[in-house]
Amino acid sequence: TWFWHMDGVTIDQPLPKATLLSARKLSPTGGQTEFASTLAAWDQLPEAEKETIADLQVIHRMEASMRPMYVDMPEERLNRYRTMSTVMQHPLVWTQQSGRKSLVLGTHADEIIGQSLPAGRSLLARLTEWCAQKQFTYSHEWQDGDFVIWNNCGVMHRVVPYDEDCGRMMHRTTIMGAERLGHPYITNQS
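Report follows, based on the coordinates. Keep in mind that what you see is a predicted model, and the values were worked out from it rather than measured.

### Regarding the side chain of Glu 34
In step 1: Looking at the secondary structure, you find Glu 34 in strand S2 (residues 33-37).
In step 2: Side-chain polar atoms of Glu 34 contact the side chain of Arg 158, separated by 2.6 Å.
In step 3: Apart from the residues lying within four places of it in its own chain, the contact partners of Glu 34 are Trp 4, Tyr 138, Ser 139, Met 156, His 157, Arg 158 and Val 160.

Structure representation (structure tokens):
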């Protein structure tokens, strides 16, 4: 969870509406949770860029979100990630039932349909960096007992790295959403 992501994007079900996180045991260093509003980031994109990306479709893979963790991903891990998730196709720009638009991004966003792999990944990285600008982000400095809730349909999040052996413990609850964003990705078989 050290890299930007949205919960539930690689599961074939409606996206979680909200995520709730409470601090049970903190780490002495690091461990802050950072949030980036994909709603505000969309609103502030130049109109020409909005038009360019409005209809793009993105393939999301769990294994893509794990790539930054490995030099060579062990085959058993790769198989585990592939069996615990679904390769999903989602619009890059999500028009929610409320009418608001948000970007659907994170390290799980692996490629853009109809673009070369380098071009698509470059665009996804650039848009993620756009969302992660200071004016669209908030970093929560956890205190014992803090409880934070966020709109999973319009926010990416990540944790600032911490010593994994420190015993940090957070309790997470997810509120199921009602809006189905995408569908399983089907490759063209010839």
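### Digging into the pairing of strand S10 (residues 155-159)
In step 1: Within S10, four of the five residues are buried, which leaves it mostly tucked inside the rest of the structure.
In step 2: Taken together, the five bridges between S2 and S10 define a ladder with antiparallel strand orientation. By the bridge assignment, Thr 33 is partnered in S10 with Val 159.

### Looking at the packing of aromatic side chains
The geometry of an aromatic ring pair comes down to the distance between the two centres and the angle between the two planes.
In step 1: Scanning the entire structure with this criterion turns up four aromatic pairs.
In step 2: Each ring, one from Trp 2 and one from Tyr 162, has its centre 6.3 Å from the other, and the planes form 70°; the classification is edge-to-face. One end of the pair, Trp 2, is in the segment before strand S1 (18-25); the other, Tyr 162, is in the loop between S10 and strand S11 (169-175), with 160 residues separating them in the sequence.
In step 3: Assessed through its relative accessible area of 25%, Trp 2 is described here as partly exposed.
In step 4: Each ring, one from Phe 35 and one from Tyr 138, has its centre 6.2 Å from the other, and the planes form 15°; the classification is stacked. Of the two residues, Phe 35 is situated in strand S2 and Tyr 138 in strand S8 (residues 137-140); the sequence distance between them amounts to 103 residues.
In step 5: Overall, Tyr 138 belongs to the partly exposed group, its relative accessible area being 46%.
In step 6: Here the aromatic cluster, defined as three or more aromatic residues joined through ring pairs, consists of Phe 35, Tyr 138 and Trp 150.
In step 7: Against the face of Tyr 162 rests Arg 168, its NZ or CZ located 4.7 Å from the ring centre.

Calculation criteria
- Residues numbered from 1 in each chain as written.
- Predicted model: local features only at pLDDT ≥ 70, side-chain atom pairs only at ≥ 80, totals over all residues.
- Heavy atoms only, no water.
- Helix = DSSP H or I, 4+ residues; strand = E, 2+ residues; numbered from the N terminus.
- Polar contact = N/O pair within 3.5 Å; in protein donor to acceptor, adjacent residues only side chain to side chain.
- Contact = heavy atoms within 4.5 Å.
- Buried < 20%, exposed > 50% of the residue type's maximum accessible area, 1.4 Å probe, protein only.
- Pairing = 2+ DSSP bridges.
- Phe/Tyr/Trp six-rings, centres within 6.5 Å; stacked < 30°, edge-to-face > 60°.
- Lys NZ or Arg CZ within 6 Å of the ring centre and 35° of its normal.

So, to be careful, I would describe these as geometric facts and stop short of saying anything about function.
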